[in-house]
Amino acid sequence: MAGPIPPFEPRPGPGYRPRDNAKSRRARHFSKLPVRTIIPNALTILALCAGLTAIRFAIEGRFEAAVVAIIIASVFDALDGRIARMLQGSTRFGAELDSLTDFVNFGVAPVVVLYLWSLGEIGGIGWIAVLGFAVCCALRLARFNVALEDPDKPVWAGNFFVGVPAPAAAGLVMLPLYLSFIGVTWLKEVPLLIAIHVFAIAFLMVSQLPTFSGKRMGLRIRRDMVLPILLLVGLSAAVILSYPWIAFTALCALYLVSIPVAIARYRHHAQRTAGENRSEQENSSEVE
């Protein structure tokens with residue numbers, strides 16, 4: 001005599017056919033996914049490989065190659081999200097994978113490279129700087145993921161980040177390496193100054209300072225701007241390929257200068273929004 005049906009199995013009906021049900025479960029399990037959802041995740045994996053390879057290069061003492069690997073990781077990171085939106089292949093899995101990859105590539109790899117290059121000379125203080133930067137990066141990424149789900153955020157706020165994003169912070173924290181590659185070799189001999197620099201960039205990551213975001217840049221441009229933009233891209237590529245470390249040093253300086261501008265623009269939008277809200281409240285009270 002057969003025993004009772006387990007509670008987690010559906011009670012069979014008149015037309016129940018277990019063999020057909022098993023086939024449907026197998027079909028769901030092996031259902032095909034569109035290629036457009038795989039391409040962004042493949043770029044994210046390539047970014048992770050580049051970030052981990054940077055640590056290997058630093059262990060071998062090849063610091064220029066290590067920095068180049070982190071820059072390549074940042075390029076893949078910039079491409080994966082935009083390609084996912086263009087192909088409409090964004091997934092929850094891809095978002096989680098991207099966040100974890102960002103922590104490794106931009107929260108761990110840059111400061112490990114700095115530690116192996118110079119910070120290790122001051123022992124515990126250098127390692128505290130490494131840990132502080134990594135922890136701040138994790139907090140920054142967690143806050144960013146939560147902010148994406150905020151339904152009350154005004155539309156204009158999408159043009160700003162809160163704090164310095166992780167990829168930009170990774171580029172800024174490696175500024176001493178850029179300077180050393182162009183001849184400022186004495187920086188390596190003052191690891192305490194480098195530790196202070198690391199702490200400062202870590203603070204910018206978790207701060208409430210608004211910074212510009214390029215995530216909402218349009219995919220369309222005016223026809224009359226096509227040639228100037230192509231010319232600018234060509235000149236930028238020529239400068240970066242000819243003088244890479246001078247170019248990245250200049251980019252760091254420009255980004256730091258843009259922070260006060262972003263703060264001023266954010267305050268302008270916030271004051272305008274507050275004024276519009278007050279006007280709406282006054283109009284509604286007059287109507288009542």
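Quick notes on the rules
Residues numbered from 1 in each chain as written. Predicted model: local features only at pLDDT ≥ 70, side-chain atom pairs only at ≥ 80, totals over all residues. Heavy atoms only, no water. Helix = DSSP H or I, 4+ residues; strand = E, 2+ residues; numbered from the N terminus. Buried < 20%, exposed > 50% of the residue type's maximum accessible area, 1.4 Å probe, protein only. Patch = residues over 30% accessible without salt bridge, like charges linked within 9 Å, V, L, I, M, F, W, Y side chains within 5 Å. Areas by Shrake-Rupley, 256 points an atom, 1.4 Å probe, with all protein chains shown as cover. Salt bridge = Lys/Arg side-chain N within 4 Å of Asp/Glu carboxyl O. Phe/Tyr/Trp six-rings, centres within 6.5 Å; stacked < 30°, edge-to-face > 60°. Core = buried A, V, L, I, M, F, W, Y, C linked by side-chain atoms within 4.5 Å. Contact = heavy atoms within 4.5 Å.

Draft legend 1. Region of interest: the overall build of the protein chain. Helix and strand content of the protein chain: ten helices and two strands. Of the regular secondary structure in the protein chain, the N- to C-terminal order runs α-α-α-α-α-β-α-α-α-β-α-α. Every one of the 288 residues in the protein chain was classed for burial, and the buried ones make up 32%.

Draft legend 2. Summary view of a nonpolar patch on the surface. Together, Ile221, Met225, Val226, Leu227, Ile229, Leu230 and Val233 make up a nonpolar patch on the protein surface, roughly 620 Å² of accessible area in all. In this fold, leucine 230 is placed in helix H9 (residues 226-242).

Draft legend 3. Region of the structure containing the packing of aromatic side chains. Here the structure, examined in full by the defined rule, presents eight aromatic pairs. Their ring planes at 90° and their centres at 5.4 Å tell us that phenylalanine 160 and tyrosine 266 sit as a pair that is edge-to-face. Of this pair, phenylalanine 160 sits in strand S1 (residues 160-162) while tyrosine 266 is found in helix H10 (residues 244-287), placing the two residues 106 residues apart along the sequence. Looking at phenylalanine 160, the relative accessible area reads 10%, which means it is buried. Here tyrosine 266 falls in the partly exposed class, since its relative accessible area comes to 31%.

Draft legend 4. Region of the structure containing the pattern of salt bridges. Here the structure, examined in full by the defined rule, presents three salt bridges. With a closest N to O distance of 2.9 Å, glutamate 60 and arginine 56 form a salt bridge. Residue classification places glutamate 60 among the partly exposed residues on the basis of a relative accessible area of 39%. By relative accessible area, which is 48% here, arginine 56 ends up partly exposed. The network of salt bridges with shared partners includes Arg56, Glu60 and Arg62.

Draft legend 5. Highlighting helix H6 (residues 166-173). Counting buried positions along H6 gives six out of eight residues, so the element sits mostly inside the fold. Along H6, the residues classified as buried are Ala166, Ala169, Ala170, Gly171, Leu172 and Val173.

Draft legend 6. Structural detail: the nonpolar core. Residues Leu114, Phe133, Val173, Tyr178 and Val198 are the most contacted members of the largest nonpolar core, which totals 46 residues. Of all the secondary structure elements, the ones that give two or more residues to this core are helix H2 (38-59), helix H3 (63-87), helix H4 (92-117), helix H5 (124-147), H6, helix H7 (175-181), helix H8 (191-206) and H10. Each residue touching phenylalanine 133, except ones within four places of it in the same chain, is listed here: Phe106, Gly107, Val111, Ala169, Ala170, Val173, Val198, Ile201, Ala202 and Met205.

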